[in-house]
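Working through the structure, step by step
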Amino acid sequence: MADFDYDLFTIGAGSGGVRASRLASLSGAKTAVAEEYRPGGTCVIRGCVPKKFMVYASGFAKSFRQAEGYGWSVGEPRFDWPAFRDAMAGEVDRLSGIYAKNLANAGVELIEDRAELTGAHEIRLVKSGRTVTARHILIATGGVPNRPEGVAGAEHAITSNELFHLDKLPEHLVIAGGGYIACEFAQVFAGLGVKTCLVYRGDIVLRGFDDDVRAFVHEQLKASGVRVITHAVFTSIEPSKREGFHTVHLDTGDELESDAVVLATGRDPYTAGLGLEAAGVEVLENGAIKVDEYSRTSVDHIYAVGDVTNRVNLTPVAIREAMAFVETVFKDRPTAFDYSDIASAVFTQPPVGTVGLTEAEARRTHGEIDIYKSKFRPMKGMLTAKPDWMLMKLVVRAEDQVVVGVHIAGDDAPEIIQAVGIAVKAGLTKAQFDQACAVHPTVAEELVTMREKWVDPTPGTAG
Ligand code: NDP
């Protein structure tokens, strides 16, 4: 049998790569992981973690306003971007260090270098020029922001990668896209006092989410001061007369002047220059690495997990794919991750929590369904000048009354959906939801107290 330098060589020390490497090493495999930038990957370095700090920072604007309704005098709040940015960067540094330490504690060799495949078992380390071999290879290189084609001057725009490091808070921010990143950042910057404009090519943001949730978020974007322009795309970006500003031209003929232009038009699998052809690894039309249910690529001993496979692009999913990979390859227990009923959140303000099927998907999949929904003003806002709204929605399969989807938009929705996701994953029925006694006074009690089926006032238009 051939000798290899490593039992497992992982490319990319993000959430998936780190988890797989640690578990493989702890199971006795000689493991190395190469990272060209910093351990932690998108989630820790330029995604979920710093993004959530920014959501918290931005959310204080509302808290100050609400406090007045409760008798507090707050004065004129001031926001210090460099102080916040540096504190956030410090925490990201700390977490990246923990990732590196956890790898070392598990006996994984962390190679701070770019790795490229040069053969089916062979990897070249670009900086050091060293070539190593491995029995198994795991590709966990994640994704990169895409830049839509046909936008002249797109190089003047930044992406979510750069938003965490801005020298100063912009006066005006224009953001392209209507997905997670566009919606989250539009409200972050609006909350920080930046004049923000979101330009979306469709009609209602968050395509793919439940229609009621989309309508809710769309309205809340506007209510939080974001100017939302729909049915429009960028055609070109050029420096404007004003120092540090750019003019964004839209296909509607409109022009927007801004000192920060952001593209949030999706992310692509990060495979550029990885040497996939040299190793014989096939990719799909969208550039994602083609894998089977065990995350195995077209080459038997090469696997891929996380965003580079473009399945469900969420950190916890990459981690679960990584765990299943280790079970399959190093513990001889073939394990496929079950992608059904993955709860997830969008950190808009207020945020969204969702699990299972949307109303439209449930109608397509199951035919007859029952809908329970409630839109109300949570108690916390009632003493304030501008009470919030909250939306709760249960999607129930009519034939057996199983709750196949839950959609929440409102404060604490991400926290609530984590718990209610357990019930949906377990396949509980509406009657079982109702058997649970309410916790009072909470917003979540609505989930177990909705008794009346929603009757569409305009039959034939639902879904
Ligand atoms: P999304 O795929 O969510 O959204 C992309 C947006 O850009 C859509 O609104 C899309 O429009 C629009 N778009 C795509 N191409 C073009 C184009 N050529 N011109 C104009 N608009 C375009 O991507 P994001 O960048 O927002 O996020 C990437 C991924 O990161 C997400 O899929 C998600 O998995 C992950 N993520 C998760 C978060 C969370 O869990 N909270 C937070 C942030 C990111 P259309 O709707 O018409 O397709």
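Summary of the structure given here. (Residues numbered from 1 in each chain as written. Predicted model: local features only at pLDDT ≥ 70, side-chain atom pairs only at ≥ 80, totals over all residues. Heavy atoms only, no water.)

**Observations concerning helix H3 (residues 48–69)**
If you check H3, its first and last C-alpha atoms are 32 Å apart, about what 22 residues at 1.5 Å a residue would give, namely 32 Å. The largest bend in H3 comes to about 25°, at alanine 61. Every buried residue belonging to H3 is among Val49, Pro50, Lys51, Met54, Val55, Ala57, Ser58, Gln66 and Ala67, and all of these are buried. Contact partners of the buried residues in H3: helix H2 (41–46), helix H4 (81–105), helix H5 (160–163) and helix H6 (180–191). (Helix = DSSP H or I, 4+ residues; strand = E, 2+ residues; numbered from the N terminus. Expected span 1.5 Å × (residues − 1). Bend = angle between axes of the 7 residues up to and from the residue. Buried < 20%, exposed > 50% of the residue type's maximum accessible area, 1.4 Å probe, protein only. Contact = heavy atoms within 4.5 Å.)

**What to know about the sheet that holds strand E11 (residues 227–229)**
Within the open sheet, the five strands sit side by side as E8-E15-E9-E10-E11. Their pairing is parallel. Since the sheet does not close on itself, it has two edges, and those belong to strand E8 (158–159) and E11, each with one partner. (Pairing = 2+ DSSP bridges.)

**Things to note about unusual backbone geometry**
Between glutamine 349 and proline 350 the backbone carries a cis peptide bond, its omega angle lying at 0°. Along the chain, proline 350 falls in the loop between strand E18 (344–346) and strand E19 (352–356). With omega at -10°, the peptide bond leading from histidine 440 into proline 441 counts as cis. In the Ramachandran plot, histidine 231 falls in the positive-phi region, its phi being about 50° despite a non-glycine side chain. With respect to the helices and strands, the residue histidine 231 is situated in the loop between E11 and strand E12 (234–239). Unusually for a residue other than glycine, aspartate 412 sits at a positive phi of about 70°. Note on placement: aspartate 412 falls in the loop between strand E22 (403–409) and helix H11 (413–425).

**A closer look at helix H10 (residues 359–366)**
Those residues of H10 that sit buried are Glu359, Ala360 and Ala362. Summarising the axial view, the buried residues of H10 lie within an arc of 165°, below the 170-degree limit, and thus occupy one face. Exposed residues lying more than 90 degrees from the buried face of H10 are Arg364 and Thr365. Contacts from the buried residues of H10 go to helix H7 (211–223), strand E20 (369–376), strand E21 (390–397) and E22. (Arc of directions from axis to C-beta.)

**Structural notes on the packing of aromatic side chains**
To describe a pair of aromatic rings, one takes the distance between the centres and the angle between the planes. Within this structure, the stated rule accounts for 11 aromatic pairs. Taken together, a centroid distance of 5.9 Å and an interplanar angle of 50° make the contact between phenylalanine 79 and phenylalanine 84 tilted. A residue is classified by how much of its surface remains accessible, and phenylalanine 84, at 16% relative accessible area, is buried. Ring geometry for tryptophan 81 against phenylalanine 189: centres 6.5 Å apart, planes inclined by 45°, an arrangement best described as tilted. Placement of the pair is tryptophan 81 in helix H4 and phenylalanine 189 in helix H6, with a sequence separation of 108 residues. For the pair tryptophan 81 and phenylalanine 189, a shared accessibility class is recorded, and that class is buried. Here the aromatic cluster, defined as three or more aromatic residues joined through ring pairs, consists of Phe79, Trp81, Phe84, Phe164, Phe185 and Phe189. Across the ring face of tyrosine 6, the terminal group of lysine 30 is positioned such that the distance to the ring centre comes to 5.1 Å. (Phe/Tyr/Trp six-rings, centres within 6.5 Å; stacked < 30°, edge-to-face > 60°. Lys NZ or Arg CZ within 6 Å of the ring centre and 35° of its normal.)

**Quick look at the site of the ligand**
Gly178, Tyr200, Arg207, Asn313 and Ala345 are the nearest of the 20 residues found near the ligand. Arginine 201 places a polar side-chain atom, nitrogen or oxygen, 2.8 Å from an oxygen atom of the ligand. At a separation of 2.6 Å, an oxygen atom of the ligand approaches a polar side-chain atom of arginine 207. Within the complex, the protein chains bury 76% of what would otherwise be the 910 Å² of accessible surface of the ligand. Of all elements in the fold, only H6 and E18 reach the threshold of two or more residues within the shell around the ligand. For the shell around the ligand, the residue count by class is nine nonpolar, six polar and five charged. (Near = heavy atom within 4 Å. Polar contact = N/O pair within 3.5 Å; in protein donor to acceptor, adjacent residues only side chain to side chain. Areas by Shrake-Rupley, 256 points an atom, 1.4 Å probe, with all protein chains shown as cover. Nonpolar A, V, L, I, M, F, W, Y, C, P; charged D, E, K, R; others polar.)

**Details of the nonpolar core**
With 40 residues, the main nonpolar core has Met54, Ile175, Phe189, Leu198 and Leu221 as its most contacted residues. Elements with a minimum of two residues in this core: H3, H4, strand E9 (172–176), H6, H7, strand E15 (260–263) and E18. Sort the elements by how many residues they give to this core and H6 lands first, with seven residues. (Core = buried A, V, L, I, M, F, W, Y, C linked by side-chain atoms within 4.5 Å.)

**Description of the packing of helix H1 (residues 15–26) against H4**
Contact pair H1 / H4: the axes reach a minimum separation of 9 Å and the direction vectors enclose 20°. With respect to their mutual orientation, H1 and H4 come out roughly parallel. Helix-helix and strand crossings are classified by hand; for H1 and H4 the assignment is left-handed. Counting all contacts with H1, which are made through Ser15, Val18, Ser21 and Arg22, the residues of H4 involved are Tyr99, Asn102 and Leu103. Per-class residue counts for the contact of H1 with H4 are three nonpolar, three polar and one charged. (Axes fitted to C-alpha atoms, helices over the stretch in contact; angles between N-to-C directions. Parallel < 35°, antiparallel > 145°, perpendicular 65-115°, else oblique. Left-handed = near helix turned anticlockwise from the far one by under 90°.)

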